[in-house]
Amino acid sequence: MTSPIVRFAPSPTGRIHIGNARVALFNFLFAAANLGRFALRFDDTDFARSSEEFARGIEIDLAWLGVVPHEVFRQSERVALYEDAADRLRRSGRLYPCYETQEELDKRRKMQQARGLPPVYDRAALRLSASDRAALEAEGRQPHWRFMLEPGVAEWNDLVRGPAHIDCSALSDPVLIREDGSFLYTLPSVVDDIDMRITHVIRGEDHVTNTAVQLQLMRALAPHAPAPIFAHHNLLIGAGGEALSKRTGSLSIASLREDGYEPLAVAALATLTGSSDNVHAVRSLGELAQSFNLSHVSRNPARFDPADLETLTHRTLALYEYDDVRERLEALTIVGRKAEPLWRAARGNLARFDDILTWWRVADGEIEPIREDESFLQDAAQLLPSEPWDETTWAAWTSDIKTATGRKGKALFHPLRLALTGAESGPELAALLPLIGHAKALARLVGAHE
């Protein structure tokens, strides 16, 4: 395979949700796995609903996931290319003006269905004379423009679905330009794919029918250019089977970030759900890319359950080495000689990254000890060894306490954990005790000020 060029083309009319991010991740990982390039293209020709605020928000959401494009394009800055393509299509007779209102089209469609006919546009506009068109425009009507499809079957080998085909005679000629002269999705998308030399179009299966139209449009505009390879993957649905929507904020990336989930956990779950690969934690997107394969994607809908992010975030945090999180720890002012050993000790006990602050306070701050058995803790304090301490100190100290008091098991260890950490459970005390140090440990055992 030559180095692929792929694109993610969101409309900046809202913040992206996990389903949109899945498309971006599929493209990004495919490019990474094949030493290709990934472009972010904002399909922002809907000027009424698109905004720079949403575009910036999408870039922020993608960056949080680790998806960084090689190039960023905005269709609003490329309108001259689309105008030129439209003019060429008009001159060739493939783009023709239509004057029906939406109400008229809906009425005609219902009549066709009542007669048992397919609800396909009947090309009535082609039967209008020049005087007919002039009369309609004199009434104040402005035309929308349709692309004339050629009869025949569009065929392609889909990287997810296998051999695929669409009978173009069953499709209406698509509207490419609205009455106000603005472009719908199809024409700018095809023009950009040609201009950017996109080699692979990886997107959701809701675009399968569009492929037939786009293949014809590509041949009309660039008959000698190779068509891209298509891959239409299954769609993510919510845990209850509901469709995801930008308008409702369903599982938005922004909300998942605010809820404290790890971006790599979100990426892994969004990518691996609905495939033959087991969902598992990863340390990097590069690691995820190494095993990414479009042929593993299922044809069935992929159910995304945010509850699975709880476990996957925990497992992801447990995989991180200190260097993976050094800057994030520094942002929480977790620095100095204790920072790395604390991370190693506590990483397997974190539900969210910020939970590390709890154990930083245990190791280097002040806590409220829980002293349930003052007499036992006094005996333990008397046996507390002098420093220096290491990870063998805990075992030696508790062995001495066991010998002196006869306690063992939970009766021995639990009161010590409550006093030393103020918590019922947590990291191994063999690793925590040297970080707490003699002075703090003694103060927590006997109730003195640390």
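Located above this text is the structure these notes cover.
Being a predicted model, the structure only gives us computed values, none of them experimental.

**Student:** Any details on helix H17 (residues 410-421)? Residues and values, ideally.
**Tutor:** Since the α-helix packs 3.6 residues into each turn, any two residues three or four apart lie on the same face. Taking 1.5 Å of rise per residue, the twelve residues of H17 would be expected to cover 16 Å, and the 15 Å separating its terminal C-alpha atoms lies within 8% of that figure. Burial analysis of H17 places nine of its twelve residues in the buried class, which makes it a mostly covered element. Restricting attention to buried positions, one finds in H17 the residues Leu412, His414, Pro415, Leu416, Arg417, Leu418, Ala419, Leu420 and Thr421. Looking at the buried side of H17, the elements it contacts are helix H14 (356-364), helix H15 (374-382), helix H16 (393-405) and helix H18 (429-446). Positive backbone phi, approximately 70°, marks glycine 422, located one or two places after H17.

**Student:** Please give an account of the nonpolar core that cites residues and values.
**Tutor:** Ile18, Trp343, Trp397 and Leu416 are the most contacted members of the largest nonpolar core, which totals 89 residues. Looking at which element gives the most residues to this core, the answer is helix H1 (residues 18-33), with ten residues. Look past the residues within four positions of tryptophan 397 in its chain and what remains in contact with it is Ala380, Leu383, Leu384, Pro385, Leu416, Leu420, Leu433 and Leu445. Counting residues in each nonpolar core, the second largest holds 32 residues, with Ala86, Leu149, Leu187 and Leu217 among its members.

**Student:** How would you explain the sheet that holds strand S1 (residues 5-8) if you had to name every residue and give the values?
**Tutor:** Strand order in the open sheet formed by three strands is S1-S2-S3, with parallel pairing between adjacent strands. Where the open sheet ends on each side, the last strands, each with one partner, are S1 and strand S3 (71-74). The sheet shows a mean angle of 30° between the axes of neighbouring strands, taken without regard to direction. Bridge analysis of S1 against strand S2 (residues 37-42) gives four bridges, and the strand direction is parallel. Bridging across to S2, phenylalanine 8 finds its partner in leucine 40.

**Student:** Break down the sheet that holds strand S5 (residues 144-147) for me, with residues and values.
**Tutor:** Pairing within the open sheet is antiparallel, and its three strands lie in the order S4-S5-S8. Among the strands making up the open sheet, the edge pair consists of strand S4 (95-98) and strand S8 (175-177). In this sheet, neighbouring strand axes are inclined to one another by 45° on average, regardless of whether the strands run parallel or antiparallel.

**Student:** Please set out the environment of serine 284 residue by residue, giving values where relevant.
**Tutor:** Position of serine 284 among the secondary structure elements: in the loop between helix H9 (263-272) and helix H10 (285-291). Take serine 284: its relative accessible area is 30%, and that puts it in the partly exposed class. Through-space distance from the C-alpha of serine 284 to that of aspartate 355 is 21 Å; in sequence the pair is 71 residues apart.

**Student:** How would you sum up the side chain of aspartate 173? Please name residues and give values.
**Tutor:** Position of aspartate 173 relative to the elements: it lies in the loop between strand S7 (162-167) and S8. There is a polar contact of 2.7 Å between the side chain of aspartate 173 and the side chain of arginine 123. A polar side-chain atom of aspartate 173 sits 3.0 Å from the main-chain amide nitrogen of leucine 149. The residues contacting aspartate 173, other than those within four sequence positions of it, are Tyr96, Arg123, Arg146, Phe147, Met148 and Leu149.

**Student:** Describe the pairing of strand S6 (residues 153-158), listing the residues and the values that go with them.
**Tutor:** Side chains Ala154, Trp156 and Asp158 of S6 all project onto a buried face; the interleaved residues Val153, Glu155 and Asn157 project onto a face where none is buried. Pairing of S6 with S7 involves six bridges; the strand directions are antiparallel. Paired with aspartate 158 across the strands is glycine 162, a residue of S7. Counting the residues that bridge the hairpin from S6 to S7 gives three residues.

**Student:** Which residues make up the packing of aromatic side chains, and what values do they have?
**Tutor:** Under the criterion given, the structure shown has seven aromatic pairs. Seen from their ring centres, tryptophan 343 and phenylalanine 353 are 5.7 Å apart, and the 40° between their planes marks the pair as tilted. Highlighted residues: tryptophan 343 in helix H13 (residues 339-346) and phenylalanine 353 in the loop between H13 and H14, separated in sequence by ten residues. Taking the relative accessible area as the measure of exposure, phenylalanine 353 reaches 5% and is therefore buried. A ring pair is formed by tryptophan 394 and tryptophan 397, whose centres lie 5.8 Å apart and whose planes are at 70°; its orientation type is edge-to-face. With tryptophan 394 and tryptophan 397 both in helix H16 and three residues apart, the pair spans about one turn of that helix. There is no split in this pair, since tryptophan 394 and tryptophan 397 are both buried.

About the thresholds
Within any chain, residue numbers begin from 1 and follow the written order of that chain's sequence. With pLDDT at 70 or above as the cut-off, local features in this predicted model cover only qualifying residues; side-chain atom pairs require 80 or more to be listed or tallied, and sums for whole chains, interfaces and linings still use all residues. Note: side-chain values were computed over all heavy atoms of the structure, leaving out hydrogens and water. Counting from the N terminus, the helices are the DSSP runs of H or I reaching at least four residues and the strands are the DSSP runs of E reaching at least two. Here, expected helix span is obtained from the residue count minus one, scaled by 1.5 Å. Only protein chains enter the accessibility calculation, which uses a 1.4 Å probe; a residue is then buried when its area is under 20% of its type maximum, exposed when over 50%, and partly exposed in between. Two residues form a contact once any of their heavy atoms are found within 4.5 Å. We call a set of buried Ala, Val, Leu, Ile, Met, Phe, Trp, Tyr and Cys residues a nonpolar core when their side-chain atoms join them within 4.5 Å. Two strands qualify as a pair provided DSSP detects at least 2 bridges between them. Axes, fitted as lines to C-alpha atoms, cover a helix only where it is in contact. Angles between the N-to-C directions of the axes lie from 0 to 180 degrees. Nitrogen and oxygen atoms within 3.5 Å of one another constitute a polar contact, given that in protein one can donate a hydrogen and the other can accept it, and given that sequence-neighbouring residues count only through two side-chain atoms. Aromatic rings from Phe, Tyr and Trp, taking only the six-membered ring of Trp, are treated as a pair when their centres fall within 6.5 Å; an angle between ring planes under 30 degrees marks them as stacked, one over 60 as edge-to-face, and anything in between as tilted.

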